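These are the residues of each chain, in order.
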Amino acid sequence: MSRFHEVCIRADLAVSRLTAFLTGVVLLAMSVLVVTLVIARYGFNAPIFWGEEMARLMMFYLVLIGSAVALRRNQHPRLTMLLQALPQRAARGLEFVIDAVVLGTLCVLFFQGLDLALEEAIMKTPSLRVSYFWVYLGYPLGAGLALLQMVGRNINPHAFDGDDIEAIE
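Scope of this entry: the structure provided in the associated data block. Given the structure is predicted, the values throughout are model-derived calculations rather than measurements.

1. Quick notes on the pattern of salt bridges
For the structure shown, the criterion picks out five salt bridges. The salt bridge involving Arg 3 is made with Glu 6; its shortest N-O contact spans 3.6 Å. Residue Arg 3 and its partner Glu 6 are located together in helix α1 (residues 3–43), separated by three residues, close to a single helical turn. Here Arg 3 falls in the exposed class, since its relative accessible area comes to 60%. Connected through salt bridges with shared partners, the residues Arg 3, Glu 6 and Arg 10 form a single ionic network.

2. Topic: unusual backbone geometry
You will see that Asn 45, though not glycine, has its phi angle at about 50 degrees, which is positive. Overall, Asn 45 belongs to the exposed group, its relative accessible area being 67%. The backbone phi angle of Arg 129 is positive, close to 60 degrees, even though this residue is not glycine. Within the secondary structure, Arg 129 is located in the loop between α4 (88–119) and α5 (132–136). You can call Arg 129 exposed: its relative accessible area is 52%.

3. Some thoughts on the packing of aromatic side chains
Under the definition given, this model contains six aromatic pairs. Arranged with centres 5.6 Å apart and planes meeting at 25 degrees, the rings of Tyr 132 and Tyr 136 form a pair that is stacked. A residue pair is termed a helical-turn pair when its members lie 3 or 4 positions apart in one helix, as Tyr 132 and Tyr 136 do in helix α5 at four residues. Given a relative accessible area of 22%, Tyr 136 falls into the partly exposed group. Summarising the aromatic geometry, the rings of Tyr 136 and Tyr 139 are spaced 6.3 Å apart at their centres and angled 10 degrees between planes, so their arrangement reads as stacked.

4. Things to note about the side chain of Thr 23
By the element assignment, Thr 23 lies in helix α1. Looking at Thr 23, its side chain comes within polar contact range of the main-chain oxygen of Thr 19, at 2.9 Å. Every residue in contact with Thr 23, bar those within four places of it in the chain, is listed here: Leu 62, Ile 65, Gly 66 and Val 69.

What counts, and where the lines are drawn
- Residues numbered from 1 in each chain as written.
- Predicted model: local features only at pLDDT ≥ 70, side-chain atom pairs only at ≥ 80, totals over all residues.
- Heavy atoms only, no water.
- Salt bridge = Lys/Arg side-chain N within 4 Å of Asp/Glu carboxyl O.
- Helix = DSSP H or I, 4+ residues; strand = E, 2+ residues; numbered from the N terminus.
- Buried < 20%, exposed > 50% of the residue type's maximum accessible area, 1.4 Å probe, protein only.
- Phe/Tyr/Trp six-rings, centres within 6.5 Å; stacked < 30°, edge-to-face > 60°.
- Polar contact = N/O pair within 3.5 Å; in protein donor to acceptor, adjacent residues only side chain to side chain.
- Contact = heavy atoms within 4.5 Å.

So this is what it looks like as structure tokens:
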């Protein structure tokens with residue numbers, strides 16, 4: 001294995017692990033926040049005014065970052081039944097078409113999301129008073145991570161079949 005390929009695999013594993021870690025952190029933080037909101041509202045009759053907006057923003061980021069993880073691990077809804085019914089060569093061709101459509105969609109989402117983030121930067125969220133730039137930055141972030149996961153899936157296709165370090169050796 002060439003040194004360049006080994007570096008690419010290690011970078012891919014780092015990005016994959018970071019993406020999965022971020023997904024877990026956002027999910028945990030959102031869960032703690034929602035439980036806190038429920039307890040504050042119904043237990044102490046003291047709702048946290050910014051909490052619902054924060055939970056909504058966390059869910060937005062969770063979906064976009066988590067989609068990259070699901071894409072990498074082939075856990076997105078797909079045409080699995082159709083792919084299994086087709087002959088192997090036709091199934092590979094259909095998978096190529098599906099990947100090309102997903103790749104195109106992610107590219108559009110990345111550039112349009114970046115444009116949206118820059119255009120809406122002057123506006124602020126109602127409760128948190130955070131610039132919508134940070135809200136809409138989730139689109140290019142999620143699309144960029146998903147693009148990296150698609151590339152990584154082709155560089156290191158068996159990374160999550162077992163111990164991903166074995167893929168390097």
